[in-house]
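# Analysis of the macromolecular model
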Amino acid sequence: MANAKYYSSQEAFEVIVDRVRRGDIVGLIGHPAKTKKGELSLIPTEIQILTPCLHMLPHLHYGLKDQETRYRKRYLDLIINGDVRKKFLIRTQIISYVRQFFNELGFLEVETPMMNMIAGGATAKPFITHHNELDIDLYMRVAPELFLKMLVVGGIDRVYEIGRNFRNEGIDLTHNPEFTMCEFYMAYADYNDTMVLTETLLSGLVKHIHGSYKIKLHPEEGKEIEIDFTPPFKRFRMIQDLEKELGVTLGPYDQLGSPETVQQLIQLCEKHGVECPPPKTASRMLDKLVGHVLEEKCINPTFIIDHPQLMSPLAKYHRIDKGLTERFELFVMKREVCNAYTELNDPVVQRSRFEEQAKDKAAGDDEAQMVDENFCTALEYGLPPTSGWGMGIDRLTMLLTDSHNIKEVLFFPAMKPDDNNPNKIASTQIGEASESSSPHN
């Protein structure tokens, strides 16, 4: 509501108006007033430019639509697109709710190392870094799981951590090399208890943010799907329902890694057009088949439970079905939201499971885990019956903000190098110039 008649002088008003440009940050001194529509505003008697904007901002009518520009220049995205800020506010609400939920249940929040001598706790390819003073290579953590369970061994019966993990894998719509996870471990509980807790947490979270258990998502333009988080959630038994859908029998569950079953899985993958890059281990092929057959049916919140032992080296054996484990994954809109299981607490079996994973790693599986003797030694001191759980904060935020790309819910997502980066071009030119001026040329 700047007006020359209220300003200190006509000349000063014309000077400042001529200097101010769109995007400038200005400071005002004046009198409070209301616009014709009743909006609270200010009639300035003095205007001062605090920070000038040296770039032309995109037009508000058209906004900033180019995804590359939005992700590389998030500050510009936040300035122009108001709905982006809302997504990150919801992300903060999610983390705050999760933290409060566990705190009220008596869990202790902790922090564990980001760099380890062994990459353990998840089946994933790690990043490698180097410690100069110790002159050793270290792995960026792929999961905090082993450290958290060692704390349970030490008597902290309920423990959780919300933090960053790093996995040297592909970048796509649902994967970023670094991401935020929440993991908890609860002594004297099993995966059945954890499933109920998961239903309570997620249904309460959705209602807290959206005011209802039901939310509407738009997986593609012109299509709307209603997702119902009302507990209890649907359940699939992994191997039994996979056999049912494929119309086959995979044999005894404790022999899923046999050469005969591996050959059967290869044929099933070929028959159903499921691609599985080498090495074609039973674990990898089962994972691909489940993704192709069962996960596609998981629109509303659905648990896939009772995974084979060869897919779950850290999970406890199933109390009824030999060869299976007490594990579950929760899927919503075909995306994995969380993973949990009754923890394996037998050090002898744990070491043998690690050794099986080590064989897969030697066969070329970069994601297989290594033998962690330090963790096995901790188990020898006694891990009480424990249930563990992990949830990706980024994917959950995608779900609750109706976002289809993980980059939408990360302020600064991983991006391919920008070949048109002027700083990179300038440094290259400087390097070439210094080489041409070298006395050796």
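Residues numbered from 1 in each chain as written. Predicted model: local features only at pLDDT ≥ 70, side-chain atom pairs only at ≥ 80, totals over all residues. Heavy atoms only, no water.

### Section: the overall build of the protein
A count of helices and strands for the protein gives 13 helices and 15 strands. Each principal axis of the C-alpha distribution contributes one length, and for the protein these read about 90 × 70 × 50 Å. Looking at the 441 residues of the protein, the share that counts as buried comes to 46%. In the protein, once contacts between residues fewer than 6 apart in sequence are set aside, the share between residues at least 24 apart is 64%. (Helix = DSSP H or I, 4+ residues; strand = E, 2+ residues; numbered from the N terminus. Buried < 20%, exposed > 50% of the residue type's maximum accessible area, 1.4 Å probe, protein only. Contact = heavy atoms within 4.5 Å.)

### Considerations on the pattern of salt bridges
Under the defined criterion, the tally for this structure stands at 22 salt bridges. Residue K149 pairs with E145 through a salt bridge whose shortest N-O separation is 2.9 Å. Residue K149 and its partner E145 are both found in helix α5 (residues 145-153); the two are separated by four residues, about one turn of the helix. Pair check on accessibility: K149 and E145 agree, each one buried. Note that D321 is salt-bridged to R237, the shortest N-O span being 2.5 Å. Here the residue D321 occupies a position in the loop between β12 (302-305) and β13 (327-332), and R237 occupies one in strand β11 (residues 234-237), the gap between them amounting to 84 residues. Under the relative-accessibility criterion, D321 is labelled buried at 19%. Taking the relative accessible area as the measure of exposure, R237 reaches 29% and is therefore partly exposed. Among the charged side chains, a network of salt bridges with common partners joins R70, R74, D77, K87 and E408. (Salt bridge = Lys/Arg side-chain N within 4 Å of Asp/Glu carboxyl O.)

### Things to note about the sheet that holds strand β8 (residues 178-187)
Pairing within the open sheet is mixed, and its eight strands lie in the order β3-β7-β8-β15-β14-β13-β12-β11. With partners counted over all chains shown, the strands left at the sheet margins are β3 (108-109) and β11, one partner each. Pairing of β11 with β12, which is carried by four bridges, proceeds in the parallel orientation. Within β12, the position partnered with K234 by the bridge is T302. Against the sheet, helix α4 (residues 82-104) touches β3, β7 (158-166), β8 and β15 (386-392), its axis set at about 150° to β7. (Pairing = 2+ DSSP bridges. Axes fitted to C-alpha atoms, helices over the stretch in contact; angles between N-to-C directions.)

### As for the environment of H307
When you line up the elements, H307 lands in the loop between β12 and β13. Judged by its relative accessible area of 0%, H307 is buried. In this structure the C-alpha to C-alpha distance between H307 and F328, which are 21 residues apart in sequence, comes to 7.2 Å. In this view, H307 contacts M238, S312, L324, T325, R327, F328 and E329; residues no more than four positions away in its chain are not counted. A distance of 2.8 Å separates polar atoms of two side chains, one belonging to H307 and the other to E329. (Polar contact = N/O pair within 3.5 Å; in protein donor to acceptor, adjacent residues only side chain to side chain.)

### Examining the nonpolar core
With 43 residues, the main nonpolar core has F102, F229, F328, W389, M391 and L396 as its most contacted residues. No other element matches helix α6 (residues 191-210), which puts eight residues into this core. When residues no more than four places from it in sequence are discounted, the contact partners of F102 are F107, Y160, C182, F184, L197, L201 and W389. By size, the runner-up hydrophobic cluster in this structure holds 27 residues, among which are L250, C276, V293 and L324. (Core = buried A, V, L, I, M, F, W, Y, C linked by side-chain atoms within 4.5 Å.)

### Observations regarding the side chain of N405
Of note, N405 is situated in the loop between α12 (393-400) and α13 (422-436). With relative accessibility at 10%, the residue N405 sits in the buried group. From its side chain, N405 meets the backbone nitrogen of K407 in a polar contact 3.0 Å long. Not counting residues up to four positions away in its chain, the partners in contact with N405 are Y71, D172, L173 and M398.

### Here we look at helix α10 (residues 347-362)
An α-helical turn contains 3.6 residues, so any two residues separated by three or four positions project in the same direction. Here α10 is 16 residues long and its end C-alpha atoms lie 22 Å apart, about the 22 Å a rise of 1.5 Å per residue gives. For α10, the set of buried residues is P347, Q350, R353, F354 and Q357. Buried residues of α10 fall within an arc of 120° about the axis and therefore sit on the same side. Opposite the buried face of α10, at more than 90 degrees from it, the exposed residues are V348, K359 and A362. Regarding α10, its N-cap is D346, as a side-chain oxygen of that residue lies 3.0 Å from the backbone nitrogen of V348 further along. Looking one or two residues past α10, G364 carries a phi angle of roughly 115°, positive in sign. (Expected span 1.5 Å × (residues − 1). Arc of directions from axis to C-beta.)

### Quick look at the packing of α4 against α6
Packing of α4 against α6 brings their axes to within 10 Å, and their N-to-C directions diverge by 140°. When the axes of α4 and α6 are compared, the pair comes out oblique. Along this stretch, α4 crosses α6, giving a crossing that reads as right-handed. Of the residues in α6, those touching α4 at I90, Q93, I94, Y97, V98, F101 and F102 are L197, T200, L201, G204, L205, H208 and I209. (Parallel < 35°, antiparallel > 145°, perpendicular 65-115°, else oblique. Left-handed = near helix turned anticlockwise from the far one by under 90°.)

### Here we look at the packing of α5 against helix α11 (residues 373-380)
Two elements in contact, α5 and α11, have axes separated by 9 Å at closest approach and are oriented at 20°. In terms of orientation, α5 and α11 fall into the roughly parallel class. Between α5 and α11 lies a crossing of left-handed hand. Touching L146, K149, M150 and V153 of α5 are N374, F375 and A378, all from α11. For the contact of α5 with α11, the class distribution of residues is five nonpolar, one polar and one charged. (Nonpolar A, V, L, I, M, F, W, Y, C, P; charged D, E, K, R; others polar.)

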